[in-house]
Amino acid sequence: MDDLTTYASNTWCVGCGDFGIFQAIKDAVKRLEGLGIGRDRLIMTAGIGCHGKIFDYLALSGFYSLHGRAVSTAQGIKIANPDLSVICFEGDGSAFGEGIEHLIFAAKRNIDVTVFLHHNSVYGLTTGQASPLSEKGFRGRSTPRGSQDPPLDPVTLMLDSGASFIGRGYTAKLPQLTDLMVKAILHKGFSFVDIIQPCVSFNNTYTKYAPIVEDLDRPASTREEAWMIAQRKDKVPLGVIYGSKEAPWERQVPKGGQMSKEERHKRIRSLLGA
Amino acid sequence: MDDLTTYASNTWCVGCGDFGIFQAIKDAVKRLEGLGIGRDRLIMTAGIGCHGKIFDYLALSGFYSLHGRAVSTAQGIKIANPDLSVICFEGDGSAFGEGIEHLIFAAKRNIDVTVFLHHNSVYGLTTGQASPLSEKGFRGRSTPRGSQDPPLDPVTLMLDSGASFIGRGYTAKLPQLTDLMVKAILHKGFSFVDIIQPCVSFNNTYTKYAPIVEDLDRPASTREEAWMIAQRKDKVPLGVIYGSKEAPWERQVPKGGQMSKEERHKRIRSLLGA
Amino acid sequence: MTSDPFTFLVGGKAGEGVKSAAGSAADLFSEMGRHVFQMDDYQSLIRGGHNFSMVSSDIEPIWSHHSKADLIVCLDQKSYDLHKEHVSDRGLVVLNEGAVEGEGAFVPLIKEARKYPKPELRLGLGAFTVLCAVMGMPEDDLKRILEREYPKDREVNLAYGLSIYHATNESVGQRFDPRPGTFKGSRILTGNEAIALGAASAGLDVYYAYPMTPSSSILHYLAAHDRDLGVEVVHAESEIAVINMAIGSTYVGARAMVGTSGGGFALMDEAISLAGMVESPILSILSSRPGPSTGVPTYTAQADLDFALGRGFGEFPQIVASPGSVEEAFYLASEMLDLVWRFQTPGIILTEKHLSESAMNVKLDVERASYPQPLMHTSGEYKRYSLTDNGISPLLFPPSPQMIKWNSYEHDEAGITTEDAGTIEKMADKRLAKEKALIRQMIGMRTVNTFGGGPVIMTYGSTTMSVMEALRISGIEAKVIQPVYLRPFPVWEMKAYMKESPVVVEQSCSGMFARLLREKAGITASHVIRRYDGRPFDPKELSERLKEMI
Amino acid sequence: MTSDPFTFLVGGKAGEGVKSAAGSAADLFSEMGRHVFQMDDYQSLIRGGHNFSMVSSDIEPIWSHHSKADLIVCLDQKSYDLHKEHVSDRGLVVLNEGAVEGEGAFVPLIKEARKYPKPELRLGLGAFTVLCAVMGMPEDDLKRILEREYPKDREVNLAYGLSIYHATNESVGQRFDPRPGTFKGSRILTGNEAIALGAASAGLDVYYAYPMTPSSSILHYLAAHDRDLGVEVVHAESEIAVINMAIGSTYVGARAMVGTSGGGFALMDEAISLAGMVESPILSILSSRPGPSTGVPTYTAQADLDFALGRGFGEFPQIVASPGSVEEAFYLASEMLDLVWRFQTPGIILTEKHLSESAMNVKLDVERASYPQPLMHTSGEYKRYSLTDNGISPLLFPPSPQMIKWNSYEHDEAGITTEDAGTIEKMADKRLAKEKALIRQMIGMRTVNTFGGGPVIMTYGSTTMSVMEALRISGIEAKVIQPVYLRPFPVWEMKAYMKESPVVVEQSCSGMFARLLREKAGITASHVIRRYDGRPFDPKELSERLKEMI
Ligand SMILES: Cc1ncc(C[n+]2csc(CCOP(=O)(O)OP(=O)(O)O)c2C)c(N)n1
Ligand SMILES: Cc1ncc(C[n+]2csc(CCOP(=O)(O)OP(=O)(O)O)c2C)c(N)n1
Ligand code: SF4
Ligand code: SF4
Ligand SMILES: [Mg+2]
Ligand SMILES: [Mg+2]
């Protein structure tokens, strides 16, 4: 057991893609330390689902949030203390079902938090119902004859909502995933990493993705280009899809100058005209 | 007072774009009657905001829903009785702020309801705060120094989410708006009409839009093309932007065969093995 | 007829078929005409960890599993370590040879399974076969039963099962001889299945849900039987969508229901208030687990009582009821659907994981289920919120040439928004009148169950089952009072007990139910027996605590 | 010092400046050293409709507007039709000449305004000028005051004002001579502003909200003064985002607050339970309007009492308090922020439109505000949920080399998820221990206000103001008991009144507060005076009803 792993016993299924994400983030944390981002300043939040269990296993400070709300919790942390780097582990049910509004608005704000999407296209922890990212026809316990509608595309939606960094990784390609994580965390502004994460128990997509994943040569240089990349059906591009230097969300009240009790009271007295 | 107007006293501000929407829907209802869709089968839902007041004024059956939930209410009506045509009047705060998840999933399902967006880029009824569709820099009572982030684009988002009919109208161009409404309601599947609706009290956009609106020659023939149209910044295209014949959401339990009490009890007895 | 209890416990990792082994055992005992209770204890994970299931059965009606088992089959070491003390005096512990160390009889469960693909998946079948063997089942019966219970991969399963059968016969032989009973023709159902079927019997048209333990099996069951039952099932994007869609469906006259647990129901709160205002008859199932917040998802608790009773803002009538057994769950679901349609107001069935996911064999009479027949508008001008003496306005559904307006704002009789002081007051009075009418109706109904006689014990919900079983096995004479309806609280019945100092039994830390009794009916408990570690009461332990107190 | 009441009423359409005319009048009386109460009655619309505002003032402390006015200025016909009966015996009605028909003095308000652009927007200024004139204000004073109150478009406003001044002098002349008082150096604040300032005094760092009447003015006020006060203000996408962001902010030690009304607060319910579990000190402002559901957005009610008291699922301590005046709102906001940080659990300030949006002039002592100083971890290994006698675990905020884990699942001391029975029980006990510690703390605090002596009247929240004013103006001797804290309910103080049969006054239809008194403290009301038409009590009418009863 390394020093980034807690004593919690790991209950992911053998072969689950989540192990890859766990390994990659540990490697990323170590790389970031080399780059001056100490693990004390790296705060995680997590949604509820199999993905969220990373909260118990990873020895970082953080907040195990509600199903669907980890992106809001993350933003609240960042807003209150912009000196922290905030990373958010989310499931596709949690982030694109229950709490999709928060993801869209975090991207719109371009707030400097990073979201890692455990994209297994299924509700894992609740035993395999269709998720918003499940293929049409997915047979789960709530759709025994197959789901009716096509999946949302996370990259397209994040792009159109205003995310300034978008990447896609695959739990079977760890060095690339680690790399993406480091880049996403270093990015100033909202960053989103779509991580293909097969669920061996309810949606084993290793065989589906293995032949169609493909590394991108270079990131798209415009949103249009990135959108086109996202529309590809034949291949699933991996790597940084888009990255731009748009101004991130900023506090209106500079945090550096957090006011003393005395200063505050003085100002309130003057507001009260007393 | 015509027979589509109730006795409720109208409290929209003089000059409000909502009057245009009110007139257009009344004209559309009459046109639809000519096409065999009686007003008894046309059910409306409305969100909470200035837009929602149309519920009180328009003499149709319907459901004055919650802020942000009119699209869900509409779907519940359609699911329970697919023989009805369901139209939903929504504000940009209600539909793209509070309840954006429902809009996205209605589009994803391609369920046969129609959403009319009162797009005034402001929270009207709560006295002028920035909405998710407000321009960057909008000064409202919650953003006195100007809002920080750019607006979402409703057409792009609806397109990404899977809407099969998308149009844009303008309250200053009534015949076109009426036309769009009729087409949207006749469309089988999820239809969305983005209606530019100036708010004379808090965001008077008549002068902004008048010079830049432009009629589209023809609808886009692919989603890609439609997406490109939506990205245009110089002109604001009006008319049908996209329309396709994708299979709409369908009941799994055919409504036609709604079961008698006797039949149901028989089947339950057999399920119980009794 | 004397008692002849028998309890089977099987433990192992998630994914090893523990639950289905227990399910097969339950089928077996039920077929023998015995009464059966099955309780599954599992963790919030998909593979690994520790799960166990218990099946208790008797020739008399039985209300709970017992925590001392006659046969314990340990598929893994953890099961042995955790449960070795739970063996009854005459009991037997069977160990998975090669995988588990300890005292007991070794059976080569995994060894034999390794001869076939996916050996772990077969262990449950092996455990069930052990049970059959120690009960002395003839080989032919076993074959027949295995084919029925494990129809997939038939050949392999049969071969494996027979090898375990022979191995068990060799190492243990017949050890038990549970007597056949007379309870024939019953059906094994979980509480959730009973609720689903009860609602379906009352004409449920649409069920909306977002998965959440321990309510999800209602969704799964109805989705699996949608066409059979004529119930449209929608798994929507969130609980907020769920409840708003469902309320939308009631607008056109569809009988709609939703189900969730605390977190999801909290999200529905705004819409419960909406239902109060538009007067929508929406029925919600709230199945509890330990909270607050995400809490302990797969375990049981009764700490959502205050929550269930305090839904929504503003004033409007609400109905909350909680069933005390699987059988009651069935009839109550239909009765509640009837009530919400009669009074056009939201209702909640409050239950807990212990009832939702435990199974009993029951005989149900579909004809006894209620079937809603709401008050319909017949003729003349229609006004959705017409003022009547009892506050109930007749219903009319589209399509109709008349205007039917449901409105979340305060409204006039026609459903048009109002800010007029007089109308605001009248409409508040109308909703209050409905509450009074509801109480009049309830006074004529059975709202409280009473069992037996003697010193008084008060309890409710799934804990009723634990109390009943504790009394049964210990022979304590007591009178059990179980309010089925919790809002409006049946003070008219309960005030008869104002002078009593009952023992209260509940699964909450702060004693919520005892407080409710005190505040609503002036009943002060002499003792409050609480359990709040996520586990249901063990009837034996409970009976000992009860003995000290009464 | 005898009483010298004076009431000004101005009515017109939304957009005509009714509210700001009343605001200017309030400033004027306040400057005279008089006590002031301003109540705005407006509809849920932006232009048109009917709004009116009332400013009552006296040389003695005053707690409410009066509904009989000494001067009524009717900008439109509706105002006249609705308010002509509301004139006091000595009172005067002024009519907008040419626009309003009726009995009274005509002043050419709109006629003169038409000489300038946007005439409607100036009517409020005109109404205010009428007030100045009938009070005999010298022309120079008027000029100074108009320049201060209407700084925009100065020239035109002054010219218009003077024309109205002369016209009024001609047609009416001086009619009133309200005496100057001694209450100098005060500041006019609404309840919402007082809450905002009270929280800011207690070190508020972040305020999150989504607009909702009648809470929105907290958002507007703090947004307008964010840098002055050092409070970051975020208008997020929904109330669910609001509360989850706010709770996230508390994780890093920021004092966070949210504000909303019933609908928005209902949506926050899941996160309130989250706060209970992670032990987040989050303070919420719940400002009520008539419900259920969308209800009547711009009016007042006290029908969310049960709602405020019953938030969240599962068991955890909660603090609910409701201020009875603008002054109390200020101190209570700071005290509540202190308490939630001390006990690391969610708190709610329950108030109503009538207090939130009504204004009083007050003198506040910022030094008397509380300032949270939570228990911090000092040394050694850090465990977020360390078990202590009183259940309170020390806090530590990132960045820190230690691991700080807040967890919505049930957890061990370090914050790691658990399903262990023993740990589940311990953590439930820990949260219950905090509740007990909270009660011990509250026993040493002022939790109930009592005023005067005589027969007992019980009330709470903004209705306290109506009751106090009713007593003052009628000279009825009575003892007013106002529980400021509602959860935990201060039974230790209230049980002193168990033998009383108080008159209860509240703004709910079903008598929620009376029920609370009965259920929690065994206090049975002799009479419950209820008003639930969206309007606050009129002190005069209330005093007459009280007279009959005590
Ligand atoms: C409000 C709420 N609704 C439902 C749940 C139940 N729930 C827990 S995990 C989960 C699904 C998780 O799916 P996903 O987010 O894709 O995560 P995965 O398990 O696949 O990693 C659900 C529905 C919950 N915890 N809270
Ligand atoms: C849950 C909830 N939150 C907030 C409100 C208050 N509210 C009423 S209308 C409105 C804004 C309306 O904006 P929009 O939807 O754009 O409608 P418009 O008034 O501009 O037509 C808000 C925030 C509410 N009614 N319900
Ligand atoms: S169920 Fe799927 S996502 Fe969950 S741990 Fe198992 S393999 Fe992973
Ligand atoms: S505030 Fe704006 S949107 Fe509302 S009625 Fe007035 S002009 Fe129309
Ligand atoms: Mg998933
Ligand atoms: Mg708007």
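Since this is a predicted model, take the numbers as computed values, not measurements. (Residues numbered from 1 in each chain as written. Chains lettered and ligands numbered in written order. Predicted model: local features only at pLDDT ≥ 70, side-chain atom pairs only at ≥ 80, totals over all residues. Heavy atoms only, no water.)

## Focus: the coordination of the magnesium ion (ligand 5)
Residue and element names in this part refer to chain A.
Argument step 1. Protein-derived ligands of the magnesium ion (ligand 5) are Asp92 (OD), Asn120 (OD1) and Val122 (O), with the metal-ligand distances lying across 2.0 to 2.1 Å.
Argument step 2. Counting residues between consecutive donors of the magnesium ion (ligand 5) along the chain gives the motif D-x27-N-x1-V. Highlighted residues: Asp92 in helix α4 (residues 92-98) and Asn120 in the loop between β4 (113-119) and α6 (154-161), separated in sequence by 28 residues. The residues Asp92 and Asn120 share a single accessibility class, namely buried. (Donors = N, O, S within 2.8 Å, 3.2 Å for Na, K, Ca; no water. Helix = DSSP H or I, 4+ residues; strand = E, 2+ residues; numbered from the N terminus. Buried < 20%, exposed > 50% of the residue type's maximum accessible area, 1.4 Å probe, protein only.)

## Examining the domain arrangement of chain C
All names here are of chain C.
Argument step 1. Per the domain assignment, the segments making up chain C are domain 1 (6-171), domain 2 (187-368), domain 3 (375-445) and domain 4 (448-549).
Argument step 2. For domain 2 and domain 4, the distance between their C-alpha centroids amounts to 24 Å.
Argument step 3. The interface of domain 2 with domain 4 comprises 28 residues on the first partner and 24 residues on the second.
Argument step 4. Taken as a group, Gln302, Leu305 and His354 account for 29% of the area that domain 2 buries against domain 4, more than any other trio of residues on that side.
Argument step 5. Our count for the domain 2 to domain 4 interface comes out at 1 salt bridge.
Argument step 6. Among the ionic pairs, Asp306 bridges to Arg515, the shortest N-O distance being 2.5 Å.
Argument step 7. Seen at the junction of domain 2 and domain 4, the total is 13 residue pairs in polar contact (both at pLDDT 80 or more).
Argument step 8. Going through the elements one at a time, α13 (305-309), β12 (319-321), α14 (326-343), β13 (347-352) and α15 (353-356) are the ones with two or more residues in the side of domain 2 that touches domain 4.
Argument step 9. Class assignment for the residues of the side of domain 2 that touches domain 4 results in 17 nonpolar, 7 polar and 4 charged. (Domains from an automatic or database assignment. Contact = heavy atoms within 4.5 Å. Buried area = accessible area lost by both parts, 1.4 Å probe. Salt bridge = Lys/Arg side-chain N within 4 Å of Asp/Glu carboxyl O. Polar contact = N/O pair within 3.5 Å; in protein donor to acceptor, adjacent residues only side chain to side chain. Nonpolar A, V, L, I, M, F, W, Y, C, P; charged D, E, K, R; others polar.)

## Notes on the coordination of the magnesium ion (ligand 6)
Argument step 1. Coordination of the magnesium ion (ligand 6) by the protein comes from Asp92 of chain B (OD), Asn120 of chain B (OD1) and Val122 of chain B (O), over a distance range of 2.1 Å.
Argument step 2. When the donors of the magnesium ion (ligand 6) are listed by position in the chain, the intervening gaps give D-x27-N-x1-V.

## Description of the relation of the copies chain D and chain C
Argument step 1. Least-squares fitting of chain D to chain C yields an RMSD of 0.0 Å, with the transformation described by 0.0 Å of translation along the axis and a rotation of 180°. Those values place the two copies in the arrangement expected of a two-fold rotation axis. Among all C-alpha atoms of chain D, that of Glu519 of chain D lies closest to the rotation axis, at 2.3 Å.
Argument step 2. Interface overlap between copies: 100% of the residues of chain D at the interface are likewise at the interface in chain C, consistent with a symmetric, same-surface contact. (Least-squares fit on C-alpha atoms with pLDDT ≥ 70 in both.)

## Some thoughts on the pairing of strand β5 (residues 87-96) of chain C
Residues and elements named next belong to chain C.
Argument step 1. For β5, the buried fraction is high: 7 of the 10 residues fall into the buried class.
Argument step 2. In terms of handedness, the path from strand β4 (residues 69-74) via helix α2 (residues 77-83) over to β5 forms a crossover that is right-handed.
Argument step 3. With 3 bridges connecting them, β5 and strand β6 (residues 105-107) associate as parallel partners. Across the sheet, residue Asn96 finds its bridge partner in β6, namely Val107. (Right-handed = clockwise from strand over helix to strand, strands pointing away. Pairing = 2+ DSSP bridges.)

## So, the nonpolar core
Argument step 1. If you look at the biggest cluster of nonpolar residues, it comprises 371 residues, and the most contacted ones within it are Phe190 of chain A together with Phe190 of chain B.
Argument step 2. Once you skip the residues sitting within four places of it in the chain, Phe190 of chain B turns out to touch Leu103, Ala106, Ala107, Asn110, Ile111, Asp112, Val113, Val115, Met158, Ala163, Ser164 and Phe165 of chain B.
Argument step 3. If you look at the next biggest cluster of nonpolar residues, it comprises 50 residues, including Leu28, Val36, Val73 and Leu146 of chain C. (Core = buried A, V, L, I, M, F, W, Y, C linked by side-chain atoms within 4.5 Å.)

## A look at the environment of Val467 of chain D
Argument step 1. Tracing the backbone through its elements, the reader meets Val467 of chain D in helix α17 (residues 463-474).
Argument step 2. Ignoring anything within four residues of it in the chain, the contact list for Val467 of chain D reads Ile457, Thr459, Val480, Val505 and Leu542 of chain D.

## Brief notes about the packing of helix α7 (residues 191-201) of chain D against helix α8 (residues 216-224) of chain D
Residue and element names in this part refer to chain D.
Argument step 1. Contact geometry for α7 and α8: axes closest at 9 Å, N-to-C directions at 55°. With respect to each other, α7 and α8 are oriented oblique. Along this stretch, α7 crosses α8, giving a crossing that reads as right-handed. Residues Asn192, Glu193, Ile195, Ala196 and Leu197 of α7 touch α8, and the partners they reach there are Ser217, Ile218, Tyr221 and Leu222.
Argument step 2. Grouping the amino acids of the contact of α7 with α8 by side-chain chemistry returns 6 nonpolar, 2 polar and 1 charged. (Axes fitted to C-alpha atoms, helices over the stretch in contact; angles between N-to-C directions. Parallel < 35°, antiparallel > 145°, perpendicular 65-115°, else oblique. Left-handed = near helix turned anticlockwise from the far one by under 90°.)

## Digging into the interface of chain D and chain C
Argument step 1. On the side of chain C, 57 residues touch chain D, which itself brings 57 residues to the contact.
Argument step 2. Between chain D and chain C the total buried area reaches about 4,800 Å² when both faces are included, carbon and sulfur atoms providing 58% of it.
Argument step 3. The largest per-residue losses of area from chain D upon contact with chain C belong to Phe313, Glu315 and Glu419 of chain D, which jointly make up 16% of the total buried on that side.
Argument step 4. Between chain D and chain C we count 32 residue pairs in polar contact (both at pLDDT 80 or more) in total.
Argument step 5. For the side of chain D that touches chain C, the secondary-structure elements that each account for two or more residues are α11 (262-267), α12 (269-278), α16 (421-443) and α19 (512-521) of chain D.
Argument step 6. Broken down by element, the residue count for the side of chain D that touches chain C peaks at 7 residues, all from α16 of chain D.
Argument step 7. Per-class residue counts for the side of chain D that touches chain C are 21 nonpolar, 20 polar and 16 charged.

## Re the site of ligand 2
Argument step 1. Taken together, the neighbourhood of ligand 2 is formed by 22 residues, with Cys50, Asp92, Gly93 and Ser94 of chain B together with Glu239 of chain D sitting nearest.
Argument step 2. Chains contributing residues near ligand 2 are chains B, C and D.
Argument step 3. Within the side chain of Glu98 of chain B, one N or O atom sits 3.5 Å away from a nitrogen atom of ligand 2.
Argument step 4. Contact between ligand 2 and Val122 of chain B: an oxygen atom at 2.9 Å from a main-chain N or O atom of the residue.
Argument step 5. Taking 590 Å² as the accessible area of ligand 2 by itself, protein coverage stands at 98%.
Argument step 6. Those elements that place two or more of their residues in the shell around ligand 2 are α4 (92-98) and β5 (122-123) of chain B.
Argument step 7. The residue makeup of the shell around ligand 2, split by class, is 9 nonpolar, 9 polar and 4 charged. (Near = heavy atom within 4 Å. Areas by Shrake-Rupley, 256 points an atom, 1.4 Å probe, with all protein chains shown as cover.)

## What to know about the site of ligand 3
Argument step 1. Taken together, the neighbourhood of ligand 3 is formed by Trp12, Cys13, Cys16, Cys50, Asn120, Gln197, Cys199, Val200, Ser201 and Phe202 of chain A together with Ile46 of chain C.
Argument step 2. Its residues assigned to classes, the shell around ligand 3 shows 8 nonpolar, 3 polar and no charged.

## Topic: the interface of chain D and chain A
Argument step 1. On the chain A side, the residues contacting the 58 residues of chain D number 49 residues.
Argument step 2. Viewed at the interface, chain A and chain D are joined by 4 salt bridges.
Argument step 3. Salt-bridge contacts for Arg251 of chain A lead to Glu232 of chain D; the nearest nitrogen and oxygen are separated by 4.0 Å.
Argument step 4. Taken together, the links from chain D to chain A amount to 28 residue pairs in polar contact (both at pLDDT 80 or more).
Argument step 5. Where the side of chain D that touches chain A is concerned, the elements lending two or more residues are β7 (187-190), α7, β8 (206-209), α9 (226-229), β9 (232-235), α10 (239-251), α12 and β15 (405-407) of chain D.
Argument step 6. For the side of chain D that touches chain A, a count of residues per class yields 33 nonpolar, 14 polar and 11 charged.
Argument step 7. The pairing of strand β2 (residues 62-64) of chain A with β15 of chain D spans 3 bridges and is classified as parallel.

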